[in-house]
Amino acid sequence: MEEMGLGWKNRFETGKGFHTTTSGIEGAWKPNPTRWDGGYFEILFGYEWELVKSPAGAWQWLAKNVAEKDLIPDAHDPSKKHRPMMTTADLSLRFDPVYEPIARRFHKDPQRCRCFCPGLVQADAP
């Protein structure tokens, strides 16, 4: 009963904090993942990407040669930082011939996004 839709049963060490097991996709897209701003597109278009396996064994992409300002603080240990990650779906916004021009328009003009999502408020918007 305890495993029915209530998360993952995790037998790795304590199963909590940095021992938590998730879907397998591990990491954040940008240094401040809870803030709505243009950072997602800046990271997406600003770096080259390499395909790696996450600590949990899922395939994901990590940014290469990341600038210090774009490294992501660890959720449990402030002395550690990580490279931004993306999924293949995220990278389709950059490399797909149909999605890429749309994504670049949103990146260059964040106000355009508000036309499609009127309730959305950007943290850095006036």
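Just above sits the structure.
Rules of the game
Residues numbered from 1 in each chain as written. Predicted model: local features only at pLDDT ≥ 70, side-chain atom pairs only at ≥ 80, totals over all residues. Heavy atoms only, no water. Pairing = 2+ DSSP bridges. Helix = DSSP H or I, 4+ residues; strand = E, 2+ residues; numbered from the N terminus. Salt bridge = Lys/Arg side-chain N within 4 Å of Asp/Glu carboxyl O. Buried < 20%, exposed > 50% of the residue type's maximum accessible area, 1.4 Å probe, protein only. Patch = residues over 30% accessible without salt bridge, like charges linked within 9 Å, V, L, I, M, F, W, Y side chains within 5 Å. Areas by Shrake-Rupley, 256 points an atom, 1.4 Å probe, with all protein chains shown as cover. Core = buried A, V, L, I, M, F, W, Y, C linked by side-chain atoms within 4.5 Å. Contact = heavy atoms within 4.5 Å.

Participant: I tried to follow the sheet that holds strand S1 (residues 49-53) on my own but got confused; where do I start?
Facilitator: Two modes of strand pairing occur in sheets, parallel and antiparallel, and in both the strands are linked by backbone hydrogen bonds. Pairing is antiparallel across the open sheet formed by three strands, whose spatial order is S1-S2-S5. Both outer strands of the open sheet, S1 and strand S5 (85-86), are each paired with one neighbouring strand and no more.

Participant: Hey, could you run me through the pattern of salt bridges in this one?
Facilitator: Where side chains of opposite charge bring their charged atoms close, a pairing between them can arise. Summed over the entire model, instances satisfying the criterion amount to six salt bridges. A salt bridge links Arg83 to Glu50, with the shortest nitrogen-to-oxygen separation between them at 2.6 Å. Here Arg83 is found in the loop between strand S4 (81-82) and S5, whereas its partner Glu50 is found in strand S1, with 33 residues between them in sequence. Given a relative accessible area of 30%, Arg83 falls into the partly exposed group.

Participant: What's the story with a nonpolar patch on the surface in this structure? I'm lost.
Facilitator: A surface patch of nonpolar side chains, about 280 Å² in accessible area, is lined by Val98, Tyr99 and Ile102. Within the element layout of this structure, Val98 appears in the loop between helix H2 (88-95) and helix H3 (99-108). On the basis of relative accessible area, Val98 is assigned to the exposed category, the value being 56%.

Participant: Teacher, can you tell me more about the nonpolar core here?
Facilitator: Considering soluble globular proteins, one finds that nonpolar side chains tend to be buried as a cluster. Of all hydrophobic cores here, the largest spans 13 residues; its most connected members are Phe41, Leu44, Tyr47, Trp49 and Met86. Apart from residues lying up to four places away in sequence, Phe41 is in contact with Gly46, Ala103, Phe106 and His107.

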